[in-house]
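Residues per chain, in single letters:
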Amino acid sequence: MAEIHRLRDRAGDSEKITVNVGYVDLGHIDLLVREGFYSNRTDFIRTAIRNQLATHSDAIKQSIVRNMLELGLRHFSRTELEAVKAAGRMLRIQVLGLATIAEDVTPELARDTIESITVLGALQASPPVKAALSDRIG
């Protein structure tokens, strides 16, 4: 029933974040860009993030297992949620990556089938579904 996909970093598969950087640090980054070590500031920041994630990869893996997180892309279709409802079950969704709830899922169906939802990354769902689950999103 569950489909999990490994995400790659592509423009459409990313989330924009804002980071405040001190002027001296920013100057260092610009110097490295000017000297050709990185193509631009974004390239530097992405590389720094990847290096930190690699440094902590063992701790990340242990935490994923300990917290029973699904890794990657996890999509919840209307059909899947209707089957959960028919079975009289409730889902405890825990995803590290991207969780999506299909556009044709009604707020009522979401509330009837999703007990809790924790997403470390991004959750994509219609505004009415997000509002219906607001007290269950952690």
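Please refer to the structure placed before this passage.
Numbering of residues starts from 1 in every chain and runs along the sequence as written. A pLDDT threshold of at least 70 governs which residues receive local features in this predicted model, and a stricter bar of 80 or more applies before side-chain atom pairs are shown or counted, although totals over entire chains, interfaces and linings include all residues. Only hydrogens and water are removed before side-chain values are computed, so all heavy atoms of the structure are retained for them.

With that settled, consider a nonpolar patch on the surface. A cluster of nonpolar side chains, namely Ile-17, Val-19, Val-21, Ile-45, Ile-49, Leu-53 and Ile-60, defines an oily patch on the protein surface of about 560 Å² accessible area. Ranked by residue count, the leading element in the nonpolar patch is helix H2 (residues 41-55), at three residues. With respect to the secondary-structure elements, Ile-45 resides in helix H2. Exposure is judged per residue with a 1.4 Å probe applied to protein chains only, and the accessible area is read against the type maximum: over 50% gives exposed, under 20% gives buried, and values in between give partly exposed. You can call Ile-45 partly exposed: its relative accessible area is 33%. Here, patches come from residues exposed beyond 30% relative accessible area and free of salt bridges, joined within 9 Å for like charges and within 5 Å for nonpolar side chains (Val, Leu, Ile, Met, Phe, Trp, Tyr). Here, Shrake-Rupley sampling with a 1.4 Å probe gives the accessible areas, and only protein chains in the shown set may cover a residue. Within this document, salt bridges are pairs made up of a side-chain nitrogen of Lys or Arg and a carboxyl oxygen of Asp or Glu, the two lying within 4 Å of each other. Put simply, DSSP H or I for four residues or longer makes a helix, DSSP E for two residues or longer makes a strand, and each gets a number counted from the N terminus.

Two rings belonging to Phe, Tyr or Trp (six-membered ring only in the last case) form a pair when the distance between their centres is within 6.5 Å. Interplanar angles under 30 degrees mark stacking, angles over 60 mark edge-to-face geometry, and anything in between is tilted. Applying the stated criterion across every chain yields a total of one aromatic pair. Ring centres of Tyr-38 and Phe-44 lie 5.1 Å apart, and the angle between their planes is 85°; this geometry places the pair in the edge-to-face category. Cation placement over rings: the criterion is NZ of Lys or CZ of Arg within 6 Å of the ring centroid and within 35° of the ring normal. The ring of Phe-76 is capped by Arg-74, whose NZ or CZ atom sits 4.0 Å from the centre of that ring.

So, about H2. The first and last C-alpha atoms of H2 sit 21 Å apart over 15 residues, in line with the 21 Å expected at 1.5 Å per residue. Here H2 starts with a cap whose side-chain oxygen sits 3.1 Å from the backbone nitrogen of Thr-42, and that cap is Asn-40. What a helix should span is 1.5 Å times the count of its residues minus one. Here a polar contact is taken to be a pair of N or O atoms separated by no more than 3.5 Å, where protein atoms must pair a possible hydrogen donor with a possible acceptor and residues adjacent in sequence count only if both atoms sit in side chains.

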